[in-house]
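# Structural description and commentary
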Amino acid sequence: MKPYELTISQAHERLKQKELSAVELTRSVLDRIHAVENRVNAYITIDEKLALDQAEIADGLIARDNMTPLTGIPLAIKDLICTKGLRTTCASRILENFVPPYDATVIEKLKSAGTVIVGKVNMDEFAMGSSTENSGIKITHNPWDLTRSPGGSSGGSAAAVSADMCLGALGSDTGGSIRQPASHCGIVGLKPTYGRVSRYGLVAFASSLDQIGPLTRDVRDCAVMMNVISGHDAKDSTSVPKSVPNYLDFLNGDLKNTVVGIPREYQSARGLDSDVADAVTNAIQTIESMGARCVEVSLPHTEYAVAAYYVIAPSEASSNLARYDGVKYGFRDRDKSDLLDMYRSSRSKGFGPEVQRRILLGTFSLSSGYYDAYYRKASQVRTRIMEDFKQAFEKCDVLLSPVAPTPAFPIGENADDPLTIYLSDIFTISANLAGIPGLSVPCGFSSGGLPIGLQIMGPHFSEGQLLKTAWHFEQAIGIQDRKPEIGS
Amino acid sequence: MKITPEEVIHVANLARLDLDEAVVEKVSHQMGAILEYIDKLNEVDTSHVQPTTHAIFLTNAFRDDLVHEHLERNQALCNAPQRDETCFLVPRIIG
C-alpha cells in the first residue's frame, strides 16, 4: 500500500512507529496529485512548499513524541475556509486573488494539531450547487467515472479524498454539500449539528444553515477529525457552549438497544433511483441484523423542505453576498468612474450565473410586498419541519435514508434547469433547516458501478450515535472495495 | 407566481446587478418556475406557527468590552483593489 492510500488512522500509526515520516507522506500525496490532478481537477491552489514546511515541523513534533492523531496528516481544505496567506477563492472570479489575512478557527485548530494543509479544493461558487459545475474556476470530475460530477458543493473535497489526493478534507454543508458528494464519491462525510463547529472564517453562504464538517475514507477518521474541529468558539456567536465528547469512544459496543427510524415519506420520494432504493434497503436490513430495531416514522412536511430551503438560503445569501462590492477585497471593474456603476459592474462580472440567480431570488423573497408571502412563510414551514423531527426522535435514536435520489449524474446533464437540480436535495436539506447532524456512509454500488451512500441523521448533538451506527455498519460490510480505479 | 421581466430588472437593481436584456428573459422564466414551485408552501397551514430563524436556541452571546489585538491596518487593507497608506479608495462620490 502506497502512503497516499492510507487512512488517517493507519498513517498515524506508521508516523508514530517512525516507519514513515510526515515529509515522506506529504511527498507521496503531492506525487499522487501530480499523477491524477489533470483528470480529476480537484484542487484550485496547491502550495507544495508550505505543505512540506508543515510536514517538517510535524516530523519535529513526532521526534519529540509530541503528536496528536492529526500530526503530519496531509489534508485538503474546501476553498471557502480562510487560510492565512493561502489564496481562498470560493471558486469565484470575484475572489480569485483573495488572500486571507487570518485563519478560520478550524484551520487554527488543525494547525495546532500539527496537520499538513496540502491545498484548497474546488467547489460550486460560494457553495451554491450540487455538482461543482458552478465553480467559476474549473470542473471537477468524479474519480469513479470521469464523465460524471463528483456532486457538490464540496465536490473537490470528496473527489480529492476518494482519489487519494489527500488523507481527509474539510467541507461545508448548507443543504447537503458534504453528504451528497461523499455519497457520490464513495467516502464518509458528516454535517455536524448547527453550532458544533465554529463558522469563524468560513465564508458565509446561508448563515443559519452553514456548517463545516469532515470528509474521510472511513468512519474512524471522521471521528478523529471531529475531535479536533468541534467545540465552542467565542468568535462565532452561534457556536454552542457545550462540551465535546471523545468521538472515538462511540466506536465500540453494539447496536442492540438502538432504534432506527425509517421515514415513510422518503421511500416514496419522486425520482428515487431503484439501485439507490435497493442499496439503502439492504443497508437497513444489515443494521437490523446487528440487533437494531427498525420502526417506521413520519416526517409529514418533507415535501415542503426544498421549497422552504430555496427561500431561506437565497435570502440569507443575498444579504451575505452584499459585501462583494469591489471596495475592500475582490474584483473591481476599474473602467467605471461612478460608484454605483462600479458596484453593479463589479458584481455582475464577478459572480457566476447561479450565484446571481440566487441573489435575485433572495432579494425578491425579502423585498417589500413579498417578505410575508415568501421569507416569513418559509420560516414558519421551517418550524413545522423541526417539529416533525422532534416527534420522530421520540420514537427512534437515528433515522436512515438515502443521501441523494440517484448516483452521480453526468457532467452537463442539468446545466440549464436549476429547479430539477434543486429537487435532488430532498433527503439532505431538512437536516440543515432543523440544525440536526447527518452522516453519509458508503452502502453499495449502482449497477453501473457508482457508489451509493446511506444517510444517518439524529437529534441535535448526536454525532456520537451517528458515528457509532455508521461504524458498526462499516465493520459489517467492510471498506475493501472503496477505491476507484483511475490508475496512477 | 410568475415574475415579469420588469420585476426582474427591479430586483436586479435592488441587488446591484446589471443583467443583459437576453439574460432578463431567461432569468424571469427560471425564477418564475422556481417561485411557482415555492408557492407549494401555501398548502401548509402556518397560522399560529412561529417562524424559525435559527435551529438552535441561543440567547445573545455577550462578552466584556475589552481592548484586544486586531488585524493591523496594513493587513486589513492588503486585499483592497485600490488603496492608499491608510484608506480604501473608491471612485469620487461628491462632484
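In this report, the structure presented in the accompanying data block is examined. (Residues numbered from 1 in each chain as written. Chains lettered and ligands numbered in written order. Predicted model: local features only at pLDDT ≥ 70, side-chain atom pairs only at ≥ 80, totals over all residues. Heavy atoms only, no water.)

### Section: helix H1 (residues 8-16) of chain A
Residue and element names in this part refer to chain A. The criterion, for reference: We call a residue buried when its accessible area falls under 20% of the maximum for its residue type, exposed when it is over 50%, and partly exposed in between, using a 1.4 Å probe and counting protein chains only. In this text, helices come from DSSP runs of H or I with a minimum length of four residues, and strands from runs of E with a minimum of two, each type numbered from the N-terminal end. For this quantity, the arc is that covered by the directions from the helix axis to the C-beta atoms. The contact definition used throughout considers only heavy atoms, calling two residues in contact when any of these lie within 4.5 Å.
Within the span of H1, buried status applies to Ile8, Ser9, Ala11, His12 and Leu15. Down the axis of H1, the smallest arc covering the buried residues is 160°, so these residues share one side. Residues of H1 that are buried sit in contact with helix H2 (22-40), helix H3 (48-63), strand S2 (74-78), strand S4 (168-173), strand S6 (211-216) and helix H7 (219-229). Lysine 18 lies just past H1 and shows a positive phi near 60°.

### Regarding the interface of chain B and chain A
Definition in use: The term buried area denotes the loss of accessible surface (1.4 Å probe radius) that occurs when two parts are joined, taken as the sum for both partners. Take a side-chain nitrogen of Lys or Arg and a carboxyl oxygen of Asp or Glu: if they are within 4 Å of each other, that pair is a salt bridge.
Taken residue by residue, the interface counts 52 residues in chain B and 72 residues in chain A. Buried area between chain B and chain A, both sides added, is near 5,400 Å², and the carbon and sulfur share of it is 65%. The interface formed by chain B and chain A contains two salt bridges. One salt bridge connects Asp18(B) with Arg344(A), and the closest N-O pair in it is separated by 2.8 Å. When residues of the side of chain B that touches chain A are traced back to their parent elements, those giving at least two are helix H1 (5-14) and helix H2 (21-38) of chain B. Looking at which element gives the most residues to the side of chain B that touches chain A, the answer is H2(B), with nine residues.

### Structural notes on the nonpolar core
All names here are of chain A. To keep things clear, this is the line we draw: Definition of nonpolar core: a set of buried residues of the types Ala, Val, Leu, Ile, Met, Phe, Trp, Tyr and Cys, connected through side-chain atoms within 4.5 Å. Domains are outlined according to an automatic or database domain assignment.
Counting residues in hydrophobic clusters, the biggest one holds 171 residues, and the most contacted among them are Tyr43, Ile81, Phe126, Phe389 and Leu454. Both domains that meet at this core, namely domain 1 (3-253) and domain 2 (303-379), each give it at least three residues. Tyrosine 43 has contacts with Ile33, Glu37, Ala76, Val118, Gly119, Lys120, Val121, Lys138, Ala160, Met165 and Cys166, leaving out every residue within four places of it along the chain.

### So, the pairing of strand S11 (residues 451-457) of chain A
All names here are of chain A. Note the threshold: A pair of strands is labelled paired if DSSP reports no fewer than 2 bridges between them.
Counting buried positions over the seven residues of S11 gives seven, a clear majority of the element. Burial of the side chains of S11 extends over both faces: Pro451, Gly453, Gln455 and Met457 are buried on one face and Ile452, Leu454 and Ile456 on the other. Pairing of strand S9 (residues 398-402) with S11 involves four bridges; the strand directions are antiparallel. Residue leucine 400 lies in a different strand from S11, and its bridge partner there is isoleucine 456. Two strands pair when backbone bridges link them, and strand S10 (residues 438-445) and S11 are joined in this way by seven bridges, in the antiparallel orientation. Pairing of leucine 439 across the sheet is with isoleucine 456, part of S11. Remark: five residues form the turn of the hairpin made by S10 and S11, two consecutive strands paired antiparallel; glycine 449 in that turn has positive phi of roughly 85°.

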